[in-house]
Amino acid sequence: MIRLSQLAQYKAEGKPFSCLTCYDASFAKAMEIAEIDSILIGDSLGMVIQGHDSTLPVTVEDIAYHTRAVARANHHAFIMADLPFMSYATLPDAIRAATTMMQAGAHAVKLEGGAWLAETIRVLKQNGIPTCVHLGLTPQSVNVFGGYKLQGRNRDAADHLLADCQAVVDAGAALLLLEVVPAQLAKEVQARFNVPVIGIGAGVDCDGQVLVMHDMLGLNFEKPARFVHDFLQGKGNIVDAFRDFHHSVQKRAYPEAKHAFHIAL
Ligand code: KIV
Ligand code: NA
C-alpha cells in the first residue's frame, strides 16, 4: 500500500514512481494489479469522459463520483483527487470541496496555483488534508494563458515558478506537480525541495511521472502532446500497458529526451 510517507521515501532513495489518471473501478483494479504507485482523479475527466473541450465545466460532485468508484477498486495506490475550477477560490469553498474528496476516498487533493494558495494549503493540512500543488501549465487557467503553452520558458518565468514552489512548500504542500515546463526547470525544483515532484511534460528528473490514462493507451484522436507515449502499442492487454509504464518510469526509460522541452535557462 502506497501512502505519502512511501512517496517521500522514494524521493529520498532516488526511486521514481508512477502515477496515472483514472476515473472508474475497472481501470483502477487493472492499475492495482500493475502496481501503479499513485492515481489521480483528474479534472481531465471533463475532456476524456465528458467530452468537453476544457476542464472548466467539471464540478466537485463529478470528481467525487469518479473518486468513489476508483477508491472502491484500488487498495494499493496513493489516491489524489483534483479540486475543479473555482471550487477553491475562497477558503470556505476549498474546505468544503476538499472534505468531499477525502470522504469520497482520496488521500490528498490537488489544486492549481502558486503562492496565493498558501493559506488554503495551511488550513487543509491543519485539518488533516495533504495537498498536491499543480504549477506550470495549469489547464484551469487556459483562458489566462491563451492556450496550452509551455510555461517557465525564460529565467524570469522560471524564477517566478520557483518562488511559487517555495511559498507553497513553506505553507505545507505535500507534493508538487509540474506540467509542461522546461526539463531544466523541473530538475531545479526536484533538487531544491524536499517534497516529491511529479511531472508531465517536465522531463525525466522528476520524482514521479504522470500521464492521462487515455493518452497512454493510445485513446487520443487529436495530435497527441509531445510527452505522450502509447504504452498499449504492441501489447495484448491493458494491464501490461500499465506495467510497462510503471517499469519504464522506475528505470527512467520514460520520459525520453524527445518527450521533454529543452530550453537553457
Ligand atoms: O486532470 C489531470 O489529468 C491532471 C494531470 C494532467 C496532471 O491534472
Ligand atoms: Na487536472
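What counts, and where the lines are drawn
- Residues numbered from 1 in each chain as written.
- Chains lettered and ligands numbered in written order.
- Predicted model: local features only at pLDDT ≥ 70, side-chain atom pairs only at ≥ 80, totals over all residues.
- Helix = DSSP H or I, 4+ residues; strand = E, 2+ residues; numbered from the N terminus.
- Rg over C-alpha atoms; globule rule 2.2 N^0.38 Å.
- Buried ≥ 20, exposed ≤ 12 C-beta atoms within 10 Å, placed from the backbone.
- Contact = placed C-beta atoms within 7 Å.
- Pairing = 2+ DSSP bridges.
- Right-handed = clockwise from strand over helix to strand, strands pointing away.
- UniProt positions renumbered as here; feature names shortened; annotations may be inferred.
- Expected span 1.5 Å × (residues − 1).
- Arc of directions from axis to C-beta.
- pLDDT = per-residue confidence, 0-100.
- Near = placed C-beta within 6 Å.
- Nonpolar A, V, L, I, M, F, W, Y, C, P; charged D, E, K, R; others polar.

## As for the overall build of the chain
- Helix and strand content of the chain: 11 helices and 8 strands.
- Over its C-alpha trace the chain gives a radius of gyration of 17 Å, about what one expects of a compact globule, namely 18 Å for 265 residues.
- Dimensions of the chain, computed from C-alpha atoms along their principal axes, come out at roughly 45 × 45 × 40 Å.
- Counting every position in the chain, which comprises 265 residues, the buried fraction comes to 51%.
- Partitioning the contacts of the chain with sequence separation of at least 6, the portion at a separation of at least 24 is 64%.

## Thoughts on the pairing of strand β1 (residues 17–21)
- Counting buried positions along β1 yields 5 of 5 residues, so the element is predominantly enclosed.
- Judged from the 4 bridges that link them, β1 and strand β8 (residues 208–211) form a sheet pairing that is parallel. Considered in β8, the bridge of Cys-19 is made with Val-210.
- Crossover connection from β1 via helix α2 (residues 25–33) to parallel strand β2 (residues 38–41): handedness right-handed.

## Points about the UniProt feature "binding site: 3-methyl-2-oxobutanoate" (unreviewed entry) in the chain
- Feature annotation in UniProt assigns "binding site: 3-methyl-2-oxobutanoate" (unreviewed entry) to the following positions: Asp-43, Ser-44, Asp-82 and Lys-110. In summary, the annotated positions, though distributed over 68 residues, converge in three dimensions, the widest C-alpha pair being only 12.5 Å.
- Looking at the element boundaries, Ser-44 is found in the loop between β2 and α3 (45–48).
- If near-sequence neighbours (up to four positions away) are discounted, Ser-44 is found in contact with Thr-21, Thr-55 and Val-212.

## Points about helix α5 (residues 91–104)
- The end-to-end C-alpha distance of α5 is 20 Å, a good match for the 20 Å that 14 residues give at a rise of 1.5 Å each.
- Of the residues making up α5, those classed as buried are Ala-94, Ala-97, Ala-98, Met-101, Met-102 and Ala-104. Buried residues of α5 fall within an arc of 155 degrees about the axis and therefore sit on the same side. Facing away from the buried side of α5 by over 90 degrees, the exposed positions are Pro-92 and Gln-103.
- Buried positions along α5 lie against α4 (60–73), β3 (78–82), β4 (108–112) and α6 (118–126).
- After α5 finishes, the residue Gly-105 shows a positive phi value of roughly 125 degrees.

## Description of the environment of Asp-159
- Locating Asp-159 in the fold gives a position in helix α8 (residues 155–171).
- Given 14 C-beta atoms within 10 Å, Asp-159 falls into the partly exposed group.
- Sequence separation between Asp-159 and Ala-97 is 62 residues; the distance between their C-alpha atoms is 31 Å.

## Overview of the confidence of the model for the chain
- Averaged over the chain, the pLDDT score is 98; the fraction of residues at 70 or greater is 100%.
- Reported confidence for the predicted complex is 0.99 by ipTM and 0.98 by pTM.

## Observations concerning the site of ligand 1
- The environment of ligand 1 is formed by Thr-21, Leu-40, Gly-42, Asp-43, Ser-44, Asp-82, His-134, Leu-177, Glu-179, Ile-200, Val-210 and Val-212.
- Split into classes, the residues belonging to the shell around ligand 1 amount to 5 nonpolar, 4 polar and 3 charged.

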